[in-house]
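Inside the fold
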Amino acid sequence: MAAAGSSPSIVEYFGGEDGYRCGYCKNETGNLSHGMWAHSMTVQDYQDLIDRGWRRSGKYVYKPIMNQTCCPQYTIRCQALHFQTSKSHKKVLKKMLKFISKGDVPKAANEEEPMDSHIDDVVACDFAYRSESQVSQSELTPLSVDHTERVENEDKDPGEREEEVNVQKVVSGSLQICARKDTPVAGEPSRSAKIVHAPPKPGKGADLSKPPCRKAKDIRKERKLQKLLQNQMCALEGSQPHRGDQVSLLQNSKSKPNQPKTIEDFVFVSLPDDARHKLEVRLVPVSFEDPQFKSSFNQSATLFAKYQMAIHKDTPSDCGENEFTRFLCDSPLEAENAPNGPECGYGSFHQQYWLDGKIIAVGVIDILPYCVSSVYLYYDPDYSFLSLGVYSALREIAFTRQLHEKAPDLCFYYMGFYIHSCPKMRYKGQYRPSDLLCPETYVWTPIEQCLPLLEHSKYSRFNQDVKAVDEGRIKELGRVRVLHKRTVMPYSVYKKRRKGPSDEASVQQYASLVGQTCSERMLLFRS
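Fair warning: this is a prediction, and the values are worked out from it, not measured in the lab.

1. Overview of the sheet that holds strand β9 (residues 371-379)
Taken in spatial order, the eight strands make up an open sheet running β6-β7-β8-β9-β10-β5-β11-β12, and their pairing is mixed. The open sheet has two edge strands with one neighbour each: β6 (279-285) and β12 (444-446). The average undirected angle you get between the axes of adjacent strands in this sheet is 30 degrees. The pairing of β9 with strand β10 (residues 412-418) spans three bridges and is classified as parallel. Residue Cys371 lies in a different strand from β10, and its bridge partner there is Phe412. Most of the contacts of helix α14 (residues 447-456) go to β12, to which it runs at about 85 degrees, and overall it touches β5 (74-79), β10, β11 (434-437) and β12.

Here is the structure:
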């Protein structure tokens, strides 16, 4: 879904790393992963990569070697549209409401909430410092498109070229036809089935094509809630809601008879005029060209250092401005705006939690075509009693549901990795319903089906169809796109031009890990 004319992703593959220290079981050499440096990346490519088990830390993108690493890390996603708040989630949401409205602080400091630790992400931040690329920007700028097309056709005879042109014409024509059909595409979330109501027959009950009758009491309640939403400063991420947003939030937050309350019922709630505190959530693009990001950078970086030193016992040199920038501000994702996308666009963002005019927490997120992906959270340790890790996760789920109103394909909340072999990291499985990614076939499996398998073995294939294979696997190595001497070419051409020992094994490994689609779309840098 990359925007027309957008720059292609450019990556530099580093291969499998030597074993390094595991942050979960403390094994000194047991943590194994493949990695690559992303000089730039489209949001669609990153979406497809995380759906194959990859994850980013700054500009470094890595994939655990699942059947070898000491603590296998399974990609986990929550089905945000169907999310149901648990008792413990409601407790956290109510605690925040009491604090904001009355200033209530829990008498006894609760045990640290698991989500507040984010130790999986902190382990990952080491990557950004270990494997940085040394390639200059000039080497990454491809030459003209015409030159690229000439090179891509270099290893074809005239008959093949003419045939390919004809095939492209036929394919482009068929794509236009297919685009009109509402059929799911492999690798994408299936669209919700549309329910069509037939006109009622005489004597067969209410006309379902017309709105249901409503009680005056319900109408009055809706008007009151509408007014409260208009007045609430922190209802949406740092800005007043548009009319359409108000209506959708209203629909989401209306309690239905005999149904449990939703997140919206807790988040978008009316506050008394004399509320003790004011909480505002601002969505800020990760860009030094953005005024809000630039003006809040120093405060945000200071908070990051305070958090890292207090919670993860970092030294000041471990969490300075340079480290903060490389880990949480440098993103390879190219910002994109699409007609059917969210108003804020796609890309990397900081979701800042402002309490009474100061930042107390920042959730780093990527907004992608099908999901909101959580990258990291840091907060003021002085406010640990608010369980900000859990609270921010719930707010991000609510935010995903909000974005879905404008971007129908965006309906999942990705929480990073689920590590069953580390008991402290099992908390992510409490956000239900959720799915884990099969490490062999890359299909999503409900977590309830995965847990018995993981109790038996820390590494497991979740897809129980023994005949099933990775549908996105590499089939034609020669079609992998390469950037060599500023020229884009298929690997089949590069292989003939290359001097020195063969690198086919490395390219084969890269292509098998990113899959055929990404390998034909992204540019693999070769020096």
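2. Considering the pairing of strand β13 (residues 481-484)
Across four bridges, the pairing between β13 and strand β14 (residues 487-490) is antiparallel. In the sheet register, His484 faces β14, and the bridge partner there is Thr487. Here β13 pairs with strand β15 (residues 523-526) via three bridges, running parallel. What sits directly across from Leu483, in β15, is Phe525.

3. Side note on helix α1 (residues 43-50)
Taking burial as the measure, the eight residues of α1 include eight buried ones, the bulk of the element. Those residues of α1 not exposed but buried are Val43, Gln44, Asp45, Tyr46, Gln47, Asp48, Leu49 and Ile50.

4. Observations concerning the environment of Arg498
When you line up the elements, Arg498 lands in the loop between α15 (491-497) and α16 (504-521). A polar contact is formed between the side chain of Arg498 and the side chain of Tyr494, at a distance of 2.7 Å. At 2.7 Å, the side chain of Arg498 and the backbone oxygen of Pro501 are in polar contact.

Cut-offs used in this document
- Residues numbered from 1 in each chain as written.
- Predicted model: local features only at pLDDT ≥ 70, side-chain atom pairs only at ≥ 80, totals over all residues.
- Heavy atoms only, no water.
- Pairing = 2+ DSSP bridges.
- Helix = DSSP H or I, 4+ residues; strand = E, 2+ residues; numbered from the N terminus.
- Axes fitted to C-alpha atoms, helices over the stretch in contact; angles between N-to-C directions.
- Contact = heavy atoms within 4.5 Å.
- Buried < 20%, exposed > 50% of the residue type's maximum accessible area, 1.4 Å probe, protein only.
- Polar contact = N/O pair within 3.5 Å; in protein donor to acceptor, adjacent residues only side chain to side chain.

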